Structures are given as structure tokens and as C-alpha cells.
Amino acid sequence: MIEILVLYYSRHGATAELARHVVRGIEGEPGATARLRTVPGSGAAPRSVPASGAVYASHADLQDCAGLVLGSPVRFGNMAGALQNFFEGTSGLWLSGALSGKPAGVFASGSTPHGGQEATLLSMMLPLLHHGMLIVGLPFTEPALGDTPGGGTPYGASRIAGVDGQRPLVAAERQLAQALGRRVAATAVRLAAGR
Ligand SMILES: Cc1cc2nc3c(=O)[nH]c(=O)nc-3n(C[C@H](O)[C@H](O)[C@H](O)COP(=O)(O)O)c2cc1C
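About the thresholds
- Each chain carries its own residue numbering, running from 1 in the written order of its sequence.
- Since the coordinates come from a predicted model, pLDDT governs what is reported: local features require at least 70, and pairs of side-chain atoms require 80 or more to be given and counted, while whole-chain, interface and lining totals use all residues.
- Hydrogens and water are ignored here; the side-chain numbers use all heavy atoms of the structure.
- Starting at the N terminus, helices and strands are each numbered in turn, a helix being any DSSP run of H or I of at least four residues and a strand any DSSP run of E of at least two.
- In this description the radius of gyration comes from C-alpha coordinates, and the expected globular size is given by 2.2 Å times residues to the power 0.38.
- For every residue, the accessible area obtained with a 1.4 Å probe (protein chains only) is divided by the maximum for its type, and the residue is called buried under 20%, exposed over 50%, and partly exposed between those limits.
- Contacts are assigned to residue pairs that have any heavy atoms within 4.5 Å of one another.
- In this description, accessible areas are obtained by the Shrake-Rupley approach with a 1.4 Å probe, and a residue is regarded as covered only by the protein chains that are shown.
- In this tally, Lys and Arg are treated as positive and Asp and Glu as negative; His is ignored, and so are the chain termini.
- Every charge is mapped onto a representative atom, which is NZ of Lys, CZ of Arg, CG of Asp or CD of Glu.
- Expected span, for any helix, means 1.5 Å times one less than how many residues it has.
- In this scheme, patches are assembled from residues that exceed 30% relative accessible area and form no salt bridge. Like charges are connected within 9 Å, while nonpolar side chains (Val, Leu, Ile, Met, Phe, Trp, Tyr) are connected within 5 Å.
- We count a salt bridge whenever a side-chain nitrogen from Lys or Arg sits within 4 Å of a carboxyl oxygen from Asp or Glu.
- The near set for a molecule or strand comprises every residue that places at least one heavy atom within 4 Å of it.
- Think of a polar contact as two N or O atoms within 3.5 Å of one another; within protein, one of them needs to be a possible hydrogen donor and the other a possible acceptor, and neighboring residues in sequence only count if both atoms come from side chains.
- Each residue receives one of three labels: charged for Asp, Glu, Lys and Arg, nonpolar for Ala, Val, Leu, Ile, Met, Phe, Trp, Tyr, Cys and Pro, and polar for the others, Gly being one of them.

(A) Summary view of the overall build of the protein. When you go through the protein residue by residue, the secondary structure sums to 7 helices and 7 strands. The order of α-helices and β-strands along the protein, N terminus first, is β-α-β-β-α-β-α-α-β-α-β-α-β-α. Its C-alpha radius of gyration of 15 Å places the protein within 12% of the 16 Å reference for a compact globule of 195 residues. In terms of overall dimensions, the protein has C-alpha extents of about 45 × 40 × 30 Å along its principal axes. Each of the 195 residues in the protein was classed as buried or not, and the buried ones make up 52%. Within the protein, residue pairs in contact and separated by at least 24 positions form 75% of the contacts whose partners lie at least 6 positions apart. Accessible area of the protein: about 9000 Å², with a carbon and sulfur share of 53%. Each charge class in the protein was averaged separately, 15 positive and 12 negative side chains, and the resulting centres sit 2 Å apart.

In C-alpha cells:
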């Protein structure tokens, strides 16, 4: 069994909900399982265990995983500082090449349709490429990509949570988040088998 790390930051829960669908996609792939982790918010008092939800990621989680799916809220068209901060602490892993050659995908939640989801997804790929990860996107062979009324892009999964954060996930957003998890997991399974 290979393990895919789903690492996300979420302040109000919209990215966390998308992360759970990524996990479902991973766990639907034979031979793969998911490990769900988060990071502390910027400026939050450091705690070893969060009050609720997924536990905080460690460098060992990155070291151990066979693949990574990284999720963030859209923050002015960029990934959240909390995740940026986490990656700025990974230079030891970069030096050792711990993530090099592993597949990775990205997902994001924003409030408005044209508020910077794609820019955020692309920005999230940058540290992953520096680490030598192999980026897995979403092709238009995924039917939901062609007619989504909400989020979902070739660069990764996404959702539009609404300005009040209350807009429910639409079917296409759910399907594409699951497809992203499945695609990263399937790639990792094939790489592990030398295929
Ligand atoms: C500082 C800040 C900047 C934001 N910038 C954007 C933005 O550029 N575009 C956008 O669509 N939403 C933006 N948002 C809204 C969040 O991306 C959105 O509410 C998201 O769904 C929150 O995810 P969460 O519930 O996982 O925390 C911003 C929110 C904050 C707090």
C-alpha cells in the first residue's frame, strides 16, 4: 500500500471540505491510501495538536509519502501564508531530494469565480517544482472539466465558496477533486511498480 499525503490549510472549512473529496479519490485507487494533514495558521500560537480536524504535518509526512496533494484558500491570488511558511521550512528535504520524482497535485478554494484560483494553483506548483515533484493536473478527458458551473481547472481542483463562504460544493467540483486525488494516487502506484 502506498500513502498519498493530502496537506492543506483551511481557516473556515471550504478547503478542508475539498480535501476530504481528494481523500475519497485517493482511497478509490487500488493500492493507495491517504494521510490527511494541515498546518498551523500564520500568527497562531504554536501547538502540537490542533483543536479539531486533521493533525499538523511534520517533515516526516513529506519524507514518507509516495505523492502529495496540496490545498490552499486563495489569498490575493496566491497560496495562504501558512502553507508558504511551512514550505520555507523544508530546505533540508530539498537538499536531500526527499520529494524528487514524487507526483503532486494542487487544489484551492476561493470566494469568487475570477478571483485568482488559477493563479493560486500555479503559485502552489512553484515550491513543488523546486523540490523536483512531478506535477499532475486535470485533463479535459475528465468530463466535469468541460461543463463545470463552478471551480475545477486543468491546473488542479478548485471551488467557488461564495463571498459569504456558504456556497455548497457543486457536483463538478466534487468530481474533479476526487479525480485529482485518483490521478495522483494512480501515478504514484504506477511509479512504485516501475511502470
Ligand atoms: C486575506 C484574504 C485574501 C483573500 N483573497 C481572495 C482572492 O484573491 N480571491 C478570492 O476569490 N478569494 C479570496 N479570499 C477568500 C478565500 O479564498 C475564500 O473565502 C476561501 O474559500 C476560504 O477558504 P477556507 O474556508 O478553507 O479558509 C481571501 C480571503 C482572505 C482572508
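(B) Here's a closer look at helix H7 (residues 171-192). Taking 1.5 Å of rise per residue, 22 residues should cover 32 Å, and H7 covers 31 Å from first to last C-alpha, within 8% of that figure. Those residues of H7 that sit buried are Ala172, Glu173, Leu176, Ala177, Ala179, Leu180, Gly181, Val184, Ala185, Ala186, Ala188 and Val189. Once H7 finishes, glycine 194 follows within two positions and takes phi at roughly 75°, a positive value.

(C) Summary view of unusual backbone geometry. Backbone geometry places phenylalanine 76, a non-glycine residue, at a positive phi of 50°. The residue phenylalanine 76 is located in the loop between strand E4 (67-73) and helix H3 (81-88) in this model. Judged by relative accessible area, which is 92%, phenylalanine 76 ranks as exposed.

(D) Representation of a nonpolar patch on the surface within the structure. Together, Leu126, Leu129 and Ile135 make up an exposed nonpolar region whose accessible area comes to about 260 Å². With respect to the secondary-structure elements, isoleucine 135 resides in strand E6 (residues 134-135). Taking relative accessible area as the criterion, isoleucine 135 reaches 32% and is therefore assigned partly exposed.

(E) The site of the ligand, seen in detail. Around the ligand, 17 residues are found, and the nearest of them are Ser10, Thr15, Val74, Ser109 and Gly115. In this structure, glycine 77 approaches the ligand through a main-chain N or O atom, which is 3.3 Å from an oxygen atom. The fraction of the free accessible surface of the ligand (650 Å²) that becomes covered by protein chains is 78%. Elements with a minimum of two residues in the shell around the ligand: helix H1 (14-27) and strand E5 (103-110). Split by residue class, the shell around the ligand holds 5 nonpolar, 10 polar and 2 charged.

Nothing here speaks to function; it is geometry throughout.
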